[in-house]
Every structure is written in C-alpha cells, then in structure tokens.
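# Notes for the structure review
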Amino acid sequence: MADIRRGHGQRLGLAERRYSGFYEWAASSPVSRPARRGRAEFHRRTDDAWDPPGQLREETARLAGLRSLLSRFLNAPQDYGLVLGRSVSELATVLADGLPRTRSRRRVIVNGLNHRSFILPWLRAAEIGCLDLVVVRDRGDGYLDLDELARLVDERTLAVCTTHVSHSFGSVQPIAQVAAIAQRAGAITVVDGAQAVGRIPVDIASLSCDAYIGVGRKALLSPVGAGFLAARLELLNRTKPLLLSTRSAQLIDVGNSEYIAFPPPRSLEGTLPDLESLSGLAGSLTAFLKLGPEAIPSHIHTLLLLLTVRMADLGLKPARPVDPSRNAGIVTYHLAPHHPSGEMMRRLLHYKRLVIASGGGTIRLSLHLSNSARGIEKLTRELSEHI
C-alpha cells in the first residue's frame, strides 16, 4: 500500500526516486516537479514581457488564486484572511509587533518545543518592553504540558504561541485543546505549522486557532521564500502593519502625516512578496490537493513503524518516546554510547548519498513521500557499519 501511495506521488511529481536517501525534509526540502514548473511558467510570463508594469499587475492579481488554493488546503473558514510572506520569522514578527495589547493584557506564552525562528520575534517584542514572555516546557515526552498551560493562561494573557509539529521530535501537539484553554481566558492562539503542512492534514476550522503560519520550503516541497499566515479577519483588522509601502497603504497628505492602510491582507504584506517562489508553491499545492490529504501521512506512518523497529534493533534510543499515531515522521536519536558525534555520522552517511541532520551527539531523521522501505533498510544498514 505504501508503494501505491508513493507511485501516485511520483506520477504527480511529489515523489522522486533520486531523493530516496534524503532524510532532511524537516529542514529545506528538494523542490517538487510541480513547483519547478510553476517557477518556470512564472519566468516564461515575465522574463520577456513587453509591458513589465502591466505584467507585474497580472502576477499580483494571480495571488488571489493562490489564496484560494491555500484556503482549500488548510480548510480555512470564510472569516479567515491569508497574508503572504517569505518565512515563519517574518509572519510571526507581523503579529508580535502588530497585535494590539494593553497594560493589563500583554503576556505571551510560548512553547518550549517551538523552533527558534518562531520564538525570536516574540522575544524581541518582550526585550523592548512590548510584551511579557512566559515559557511552557514539554512534559518530557515531546508534548506540551496542558495542565501547566491552563495554570498560566489568565486574563493577562494576550496570546498562546505553539508549534503544531515539533521540528525535533515530530510530536503532533493538541492544538484544539490549546485553543480552548486560550479562548476561555479571552486570549488568541498562534500556531507555527511549518512542520505540519504537507505532513499531516491541517484543518483550521477544526483546530479553532486564531492564526496559523506555514511555509512552502519544508514538507510542501516548494522554493524558499514562500510563506503564509491564515488568521481571523477580525484579528488581522486589529493588527498594526509592520511595514508600509505603496502596496500596503495610500499616502493622503504628507504635510499632515496622513495615510490610509489598505484592508488586510494587503496592509500586512508590506512590499510585494516573492512572486517566483509563490508561483512554485501554487504548483505544489495543486498536486497535493490532487493527491488527497491522507496519502502522505499514511505513507509516513508506515515508514515510521519500520524505522522505529530498525533503529531499536541497532540499540539507538529516541530523544523522546515515539508514538507513531501522534508523530509526523520526525525523530531525533541519541548516538551515545555507540558513537561520539552526530556531525561525524552525518558526514559518513553523506558519502553514501544519505542526507540526515545532526546536532551534538544526536541525529535527526525526517520522512516524506520519496522515502521507501528499501531506503530505510539501506540507511540502517549503513548506520550499523559505524556504531
């Protein structure tokens, strides 16, 4: 069954045999064939345009189609808007700097499992005195401590910011429960879905979060520079623009310092987003929608079961317990006492055209549609040669 899903992905251009030894999908992924075609079509339209300003207007108008694709892919309700950007850091900064706050409601709670690119914008806002930052640690098993979160969230809380899927452990966080805790106190929930989109079905209507950030360059197999923020329009309307330009605002009277910001999402996009990368994202999204929401999670789950058994056979222990039913296919393993260096192991495997991530005495493996059972057997066989 896993081979059938992979074969369908290959026909759609989302899986390629040459990437069967690539286990770094949690970082920057290879760009899919549909995304490459999307970029090529963008250049075909723009490189030799006889009317560049007119062509730019056409390309900007095409963004409406991408927003529609994203809304379908994320199952975003009608009262949500989609802001386009380049990265999690950029879009999180839009919220960290622009969310309305008061003296009595300025606490932001972040998850210790969050990636640093999602934490830093909130940390900067706290550093300059705009916010009070509180960190909730995980329970030791890779999952957010909901009891601790419920204790900390109160009428002083502006926002709860959490990852959806841990970039280190692959653990899928209970976003709907987090959102319910925040809502009881009148706080908003902001989710970093960088590792979730393209790995697991993302249904914003069911998650009930207020804002959801994603990027194309990881499991969506799209170019660097394609990011998006889906958020309640009511929230976007109250968010102060981070960057003003002629795309996001209209100057009324420079002498009286008068301007009018355009309605969201345009007011929050600052300047033009990366149109080339977003054209690639549109290509990938079209193929993902054809493939269906369950094909990739099911394929990853099958491979994760095999990987867990083979790594246990080697005596390698995961940094957090692995529950395949709640893991999106990202696992970090301790090499000690078998091998002293994750970086050395990464280099040794690279000679065999196997790509993994390393850090200290650990290695991280992440799975996607291009991986196969045969590839995992090769990976663990090569690992066994060095431990």
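Above this text you will find the structure in question.
First, a word on what this report is: a plain description of the structure on this page. (Residues numbered from 1 in each chain as written. Predicted model: local features only at pLDDT ≥ 70, side-chain atom pairs only at ≥ 80, totals over all residues. Heavy atoms only, no water.)

## Looking at the layout of surface pockets
Filter applied, for reference: Only protein atoms enter the 1 Å grid, on which a cavity is a set of points fitting a 1.4 Å probe that cannot get out and a pocket is an open set with protein on both sides within 12 Å along at least 5 of 7 lines, lining residues being those with an atom within 4 Å of a point. Grid points are joined across faces, edges and corners, and a volume is the space filled by probe spheres set on the points. Strands here mean DSSP runs of E at least two residues long; helices mean DSSP runs of H or I at least four residues long; both are numbered from the N terminus. Only Asp, Glu, Lys and Arg are considered charged, only Ala, Val, Leu, Ile, Met, Phe, Trp, Tyr, Cys and Pro nonpolar, and every remaining residue, Gly among them, polar.
As a volume, the largest pocket reaches approximately 410 Å³. Together, 20 residues line the largest pocket, and Gly38, Glu41, Ser279, Ala282 and Gly283 are the ones closest to its centre. Counting only elements with at least two residues in the lining of the largest pocket, the list comes to α2 (33-46), α3 (52-74) and α10 (275-291). Counting residues per element, the lining of the largest pocket draws most heavily on α10, at 8 residues. The space that makes up the second largest pocket amounts to roughly 300 Å³. Elements with a minimum of two residues in the lining of the second largest pocket: α4 (88-98) and α5 (116-127). Split by residue class, the lining of the second largest pocket holds 6 nonpolar, 8 polar and 6 charged.

## Looking at empty space enclosed by the protein
One pass over the structure, following the stated rule, counts 1 cavity of 30 Å³ or more. Taken as a whole, the largest cavity holds about 50 Å³ of empty space. If you go around the largest cavity, the residues you meet are Leu14, Ala15, Glu16, Tyr19, Trp25, Pro30, Val31, Ser32, Leu221 and Ser370. Of the residues assigned to the lining of the largest cavity, the class counts are 7 nonpolar, 2 polar and 1 charged.

## Here's the deal with the sheet that holds strand β12 (residues 357-359)
Hydrogen bonding along the main chain pairs the strands of a sheet, whether they run parallel or antiparallel. Here is the rule we go by: One requirement defines pairing of two strands: DSSP has to find at least two bridges between them.
Read across the sheet, 4 strands follow the order β10-β11-β13-β12 without closing on themselves; strand pairing throughout is antiparallel. Here the strands that pair on one side only, and so sit at the sheet edges, are β10 (317-318) and β12. Note: β12 against strand β13 (residues 362-366), 3 bridges, orientation antiparallel. Counterpart to serine 358 in the pairing with β13 is isoleucine 363.

## Regarding the sheet that holds strand β1 (residues 80-85)
We apply this condition: Axes here refer to lines fitted to C-alpha atoms; in helices the fit is confined to the stretch in contact. Angles between the N-to-C directions go from 0 to 180 degrees. Only heavy atoms enter the contact rule, under which two residues are in contact if any of them lie within 4.5 Å.
One open sheet accounts for 7 strands, arranged β1-β7-β6-β5-β4-β2-β3; its pairing is mixed. On the outer flanks of this sheet lie β1 and β3 (132-136), each paired with one strand and no other. Geometrically, the sheet is characterised by an average inter-axis angle of 20° between neighbouring strands, direction not taken into account. In this structure, strand β2 (residues 107-111) lies alongside strand β4 (residues 157-163), joined through 4 bridges in parallel fashion. Bridge pairing links valine 110 to cysteine 161 in β4. Across the sheet, α4 is in contact with β1, β5 (188-192), β6 (211-215) and β7 (227-232); its angle to β6 comes to roughly 160°.

## Comments concerning the packing of α2 against α10
Rule in force here: Note on angle classes: values under 35 degrees are labelled roughly parallel, values over 145 roughly antiparallel, values of 65 to 115 roughly perpendicular, and the remainder oblique. In this scheme the handedness of a crossing depends on how the near helix is turned from the far one: anticlockwise by less than a right angle means left-handed, clockwise means right-handed.
At a minimum axis separation of 7 Å, α2 and α10 run at an interaxial angle of 135°. The orientation of α2 relative to α10 falls into the category oblique. When the axes of α2 and α10 are compared, the crossing they make is right-handed. Here α2 contributes Pro34, Ala35, Gly38, Arg39, Phe42, His43 and Arg45 to the contact with α10, which in turn contributes Leu275, Glu276, Ser279, Gly280, Gly283, Ser284 and Ala287. Considered class by class, the residues forming the contact of α2 with α10 number 5 nonpolar, 6 polar and 3 charged.

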